[in-house]
Protein chains: 2
Amino acid sequence: MDYQKHLKILKETLEQHKITPENLREKRLSFKEFPKQINNRVVDAFQSFAPFDRAPVWMMRQAGRYLPEYREIKAEMDFFATCQNPFIAAEITLQPTKQFDIDAAIIFSDILVLPKMMGMEITIEEKKGPVIANPLVTPDDIQRLHPPNPEHLEHVYDALFLTRLALQGKCNLIGFCGAPWTVFAYMIEGGSSKLFSKVKKWLYLYTEGSLQVLELLAKESAKYLINQVKQGGAQVVQIFDSWAGQIPAQDYIEFIIPSLRILFEDFKKECPDTPLIMFPKDQNDKKVIVEFLKLIYNDKPLVDGFQLDSNVSDETLVKIIEANRTIQGNLEPGVLYGTPAIIKKRISQMIEKLQTTRRYIVNLAHGLTPDHEVEKVRLFVQESQRQSKLYKAKEILE
Amino acid sequence: MDYQKHLKILKETLEQHKITPENLREKRLSFKEFPKQINNRVVDAFQSFAPFDRAPVWMMRQAGRYLPEYREIKAEMDFFATCQNPFIAAEITLQPTKQFDIDAAIIFSDILVLPKMMGMEITIEEKKGPVIANPLVTPDDIQRLHPPNPEHLEHVYDALFLTRLALQGKCNLIGFCGAPWTVFAYMIEGGSSKLFSKVKKWLYLYTEGSLQVLELLAKESAKYLINQVKQGGAQVVQIFDSWAGQIPAQDYIEFIIPSLRILFEDFKKECPDTPLIMFPKDQNDKKVIVEFLKLIYNDKPLVDGFQLDSNVSDETLVKIIEANRTIQGNLEPGVLYGTPAIIKKRISQMIEKLQTTRRYIVNLAHGLTPDHEVEKVRLFVQESQRQSKLYKAKEILE
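Predicted model only: the values in this text are computed from it and were never measured.

### Regarding the packing of helix H10 (residues 197–205) of chain B against helix H11 (residues 207–230) of chain B
Residues and elements named next belong to chain B. The contact between H10 and H11 brings their axes to 5 Å, and the two run at 110°. In this view, H10 runs roughly perpendicular relative to H11, as classed from their interaxial angle. Between H10 and H11, the contacting residues are Trp-202, Leu-203, Tyr-204 and Leu-205 on the first element and Thr-207, Gly-209 and Ser-210 on the second. Across the contact of H10 with H11, the residue classes tally to 4 nonpolar, 3 polar and no charged.

### Description of the UniProt feature "domain: Uroporphyrinogen decarboxylase (URO-D)" (unreviewed entry) in chain A
Residues and elements named next belong to chain A. Residues annotated by UniProt as "domain: Uroporphyrinogen decarboxylase (URO-D)" (unreviewed entry) correspond here to residues 56–65 and 174–190. Helix makes up 0% of residues 56–65 and strand 0%, whereas the separation of the span's terminal C-alpha atoms amounts to 23 Å. As a span, residues 174–190 carries 59% helix and 29% strand, and end to end its C-alpha atoms are 28 Å apart.

### Overview of the interface of chain A and chain B
Chain A puts 43 residues into the contact, and the matching count from chain B is 43 residues. Between chain A and chain B, a total of about 3,200 Å² is buried, with carbon and sulfur atoms accounting for 49% of that surface. Per-residue buried area on chain A facing chain B is highest for Tyr204(A), Asn311(A) and Tyr337(A); these three make up 18% of the total on that side. Taken together, the connections running from chain A to chain B amount to 12 salt bridges. Salt-bridge contacts for Lys286(A) lead to Glu315(B); the nearest nitrogen and oxygen are separated by 2.7 Å. Across the chain A-chain B interface, the total number found is 22 residue pairs in polar contact (both at pLDDT 80 or more).

### Focus: the packing of aromatic side chains
Under the criterion given, the structure shown has 38 aromatic pairs over all chains. Their ring planes at 45° and their centres at 6.3 Å tell us that Trp181(B) and Phe184(B) sit as a pair that is tilted. Linking Trp181(B) with Phe184(B), this pair stays in helix H9 (residues 180–189), spanning 3 residues, or about one helical turn. Judged by its relative accessible area of 0%, Trp181(B) falls in the buried class. A connected cluster of aromatic rings, assembled from ring pairs, spans Tyr70(A), Phe79(A), Phe80(A) and Phe108(A). Over the face of the ring belonging to Phe52(A) we find Lys392(A), whose NZ or CZ atom lies 4.6 Å from the ring centre. The lysine or arginine in question, Lys116(B), covers the ring of Phe80(B), its NZ or CZ lying 4.3 Å from the ring centre.

### Details of the pairing of strand S2 (residues 122–125) of chain B
Residue and element names in this part refer to chain B. Strand direction decides the pairing type here: S2 and strand S3 (residues 129–132), joined by 4 bridges, are antiparallel. Bridge pairing in S3 places Ile-124 opposite Pro-130. Hairpin connection from S2 to S3: 3 residues lie between these consecutive antiparallel strands, with Lys-127 at a positive phi of about 70°.

### Section: the relation of the copies chain A and chain B
Superposing chain A onto chain B requires a rotation of 180° together with a translation of 0.0 Å along the rotation axis, leaving an RMSD of 0.0 Å. Put plainly, the chains are arranged around a two-fold axis. In this assembly the copies share their binding face: 100% of the residues contributing to the interface of chain A also contribute to that of chain B.

### Here's the deal with unusual backbone geometry
A cis amide bond, omega -10°, links Gly329(A) with the succeeding residue Asn330(A). Looking at where Asn330(A) falls in the secondary structure, it is placed in strand S10 (residues 326–331). One non-glycine residue, Asp299(B), adopts positive backbone phi at about 70°. Relative to the elements of secondary structure, Asp299(B) occurs in the loop between strand S7 (296–297) and strand S8 (300–301).

### Side note on the sheet that holds strand S9 (residues 305–307) of chain A
Residue and element names in this part refer to chain A. The sheet built from 7 strands is open, its strands ordered S1-S4-S5-S6-S9-S10-S11 with parallel pairing. Across the chains shown, the open sheet's two edge strands, defined by having one partner strand only, are strand S1 (104–106) and strand S11 (360–364). Sheet twist, expressed as the mean angle between neighbouring strand axes with direction ignored, is 25°. Where strand S6 (residues 276–280) and S9 come together, 2 bridges link them in parallel fashion. Paired with Ile-277 across the two strands is Gly-305, which belongs to S9. Contacts from helix H15 (residues 340–354) reach S10 and S11, with the element oriented near 160° to S10.

### What about the packing of H11(B) against helix H12 (residues 249–270) of chain B?
All names here are of chain B. Running from N to C, H11 and H12 cross one another at 25°; their axes reach a closest spacing of 8 Å. What the angle tells us is that H11 and H12 run roughly parallel. Pair H11 / H12 crosses with right-handed handedness. Across the interface between the two elements, Thr-207, Leu-211, Leu-214, Glu-215, Ala-218, Lys-219, Ser-221, Ala-222, Leu-225, Ile-226, Val-229 and Lys-230 from H11 touch Phe-255, Ile-256, Ser-259, Ile-262, Leu-263, Asp-266, Phe-267 and Glu-270 from H12. When its residues are assigned to classes, the contact of H11 with H12 shows 12 nonpolar, 3 polar and 5 charged.

### Here we look at the sheet that holds strand S1 (residues 104–106) of chain B
All names here are of chain B. One open sheet holds the 7 strands; their spatial order is S1-S4-S5-S6-S9-S10-S11, and the pairing between them is parallel. Both outer strands of the open sheet, S1 and strand S11 (360–364), are each paired with one neighbouring strand and no more. Going across the sheet, the axis of each strand differs from the next one's by a mean of 25°, ignoring polarity. Taken together, the 3 bridges between strand S9 (residues 305–307) and strand S10 (residues 326–331) define a ladder with parallel strand orientation. Each residue of the ladder has a partner; that of Phe-306, found in S10, is Ile-327.

### Describing the side chain of Asp241(B)
All names here are of chain B. Take Asp-241: it is sitting in strand S5 (residues 236–241). The side chain of Asp-241 sits in the buried core without any salt bridge; Lys-281 is the nearest counter-charge, 11 Å away. At a separation of 2.6 Å, a polar atom in the side chain of Asp-241 contacts the side chain of Tyr-252. With near-sequence residues (within four places) excluded, Asp-241 lies in contact with Ala-179, Trp-181, Thr-182, Tyr-252, Ile-256, Leu-260, Met-278, Phe-279, Pro-280 and Lys-281.

Definitions and cut-offs
- Residues numbered from 1 in each chain as written.
- Chains lettered and ligands numbered in written order.
- Predicted model: local features only at pLDDT ≥ 70, side-chain atom pairs only at ≥ 80, totals over all residues.
- Heavy atoms only, no water.
- Axes fitted to C-alpha atoms, helices over the stretch in contact; angles between N-to-C directions.
- Helix = DSSP H or I, 4+ residues; strand = E, 2+ residues; numbered from the N terminus.
- Parallel < 35°, antiparallel > 145°, perpendicular 65-115°, else oblique.
- Contact = heavy atoms within 4.5 Å.
- Nonpolar A, V, L, I, M, F, W, Y, C, P; charged D, E, K, R; others polar.
- UniProt positions renumbered as here; feature names shortened; annotations may be inferred.
- Buried area = accessible area lost by both parts, 1.4 Å probe.
- Salt bridge = Lys/Arg side-chain N within 4 Å of Asp/Glu carboxyl O.
- Polar contact = N/O pair within 3.5 Å; in protein donor to acceptor, adjacent residues only side chain to side chain.
- Phe/Tyr/Trp six-rings, centres within 6.5 Å; stacked < 30°, edge-to-face > 60°.
- Buried < 20%, exposed > 50% of the residue type's maximum accessible area, 1.4 Å probe, protein only.
- Lys NZ or Arg CZ within 6 Å of the ring centre and 35° of its normal.
- Pairing = 2+ DSSP bridges.
- Least-squares fit on C-alpha atoms with pLDDT ≥ 70 in both.
- Left-handed = near helix turned anticlockwise from the far one by under 90°.
- Lys, Arg positive; Asp, Glu negative; His and termini not counted.

Now the structure itself:
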């Protein structure tokens, strides 16, 4: 397949920098400095006193199946092929930045890229999601895991590099990985799950083996994120713990946070100034957030901000605000199926509640899905910016 | 199929009361009084000052596929056939009461029995769960719904009657229904869902139509529960809102609680003294619970207790305890896959935390699943009773 015909947005950058598939790696490794940042709103939202005109806005899964231009590419390539081709991954990452005036691009990739490189045989099946041919069944299977060959992840750093170049400082670039617990759950369940019975059995019966895999994943994830920053040019990183809410708060604190701590520490040792956002989806217990807030590295917090889903309690919010960490969230994406009136009303309620802190990034509570309409997504972006600007203006006047 | 060969536990009761398939309805309708209650612990847990030796214990989905004696029946009958045969439904309900020293039996039925009788074509498929052949697509489809023919639900009241007779007062009997929102979600999604996109689209786009169906379901659910009590002999009722956590707290309060209020009011008008337990699964926001606690009927609360999942916050618990309502929950069922040591430890932490109130019923945070082992379930029941008794004894001594 001639994938280059899909490179519409990226084309100009490739011509300008004379980048070809043959010289990409070499160009990246010898590159000196990215263009000056024109819009730095997302990174600024991690500074206590950075003034901003309005809250920054981006969306989870903003690149994806709801965009016709994405579906065009997907018609010809399988999912991991799109992730593994840095030109295509960059092109897809850029697509929503052309559609909407958003303040960050998040690299188009998958939380299962890393475990795939560690020995898991993963395919993405239409409607079913990820399917893992060789899930871990008993602790004996842990031996099957191996550290990823660093070369096999270079395509992610390539894609980040191309995207950062093409963005020309017009918005920030975010890298990410899956949290150890969520990746571990896929590795045990063999795919998506409703009950998470198998991974819960591991956690409560093969506890030692579970902690061993979680720690391994934490260490490899840290390296992966460090490289996304240092080699790819990611300016913020986010850790997606999509299945965090599947176990009680006390078990999340006892079994999961220790591995996350390893990830955070390893990352911050190398990238002390890169903001790190933690997304413990559906795990909103104040106790869990307080445990995260206790994690300090050389007097600097290991977690700079929290992505929040729409069921976060006021008590949890207060803890984050008191600790001066950044809040990212949290409109229920289902609201975007609704009438313009309800979309505007829910945005207004969200802004009213969360923009009391300067450290706020507008986002959805979870990802966009294929049935979202582009025009409703546009309304979300524009209306969030408009209302946030109004809120700021009022604040200054008062 | 000769289903009567499966009636092992029920057999004695049928002989004693000379009940046959031919005379069952007539026997039920002319019945005067159930045996005296020997163990009333679950009902007592709704009385402020009822002394009890230990907290009562029962489990959600305690009858089901983890029991070999259930699998024997299921090998020969499809799911709705087991629900619709009152003898089989009673037999299955009784199975766990023979295995474990539990304090309540919950009628073996399904939350989709009611919508099935209202015009939805529902089958249960192995591994897939419920599949609805004619989901509601647009508000025009609402006309397809009709009130259930009261006769088509009589088999549930028959099953309750047989169970209550067979229990001989040895434990309490619980009836139930699905909450309007959860039933509505199935009616729109056409089965289980990961994203609940279709039902969210209804809620935010076809809001008026959604509220209309929710209200219809609330009214029919109330009638159904009243009959479970008055005609079947249920002593407590529970409302399962399994998908409560799929929308934000503010939307649950705005759109869902009004229909629940109708259900509660209609029910309490007819059955003011029957305890009603609400289970808003994964919707643990303190604000939501406070809204429920505000619902008062003739100076008596409309909700007598809350089933809680394992992610409930301390703030929410405090509100329930302060309002003197009953707490039921909340051990993560995945813990029962674990080692005896972790099962005992988690039970001890739960009892320590929740038994500070007299109004407490031990239960799991959600239902048992096919992969639970009978012996681990037995350990949960026995250990909860043992620790709860010890806790009570210590309390009295102090």
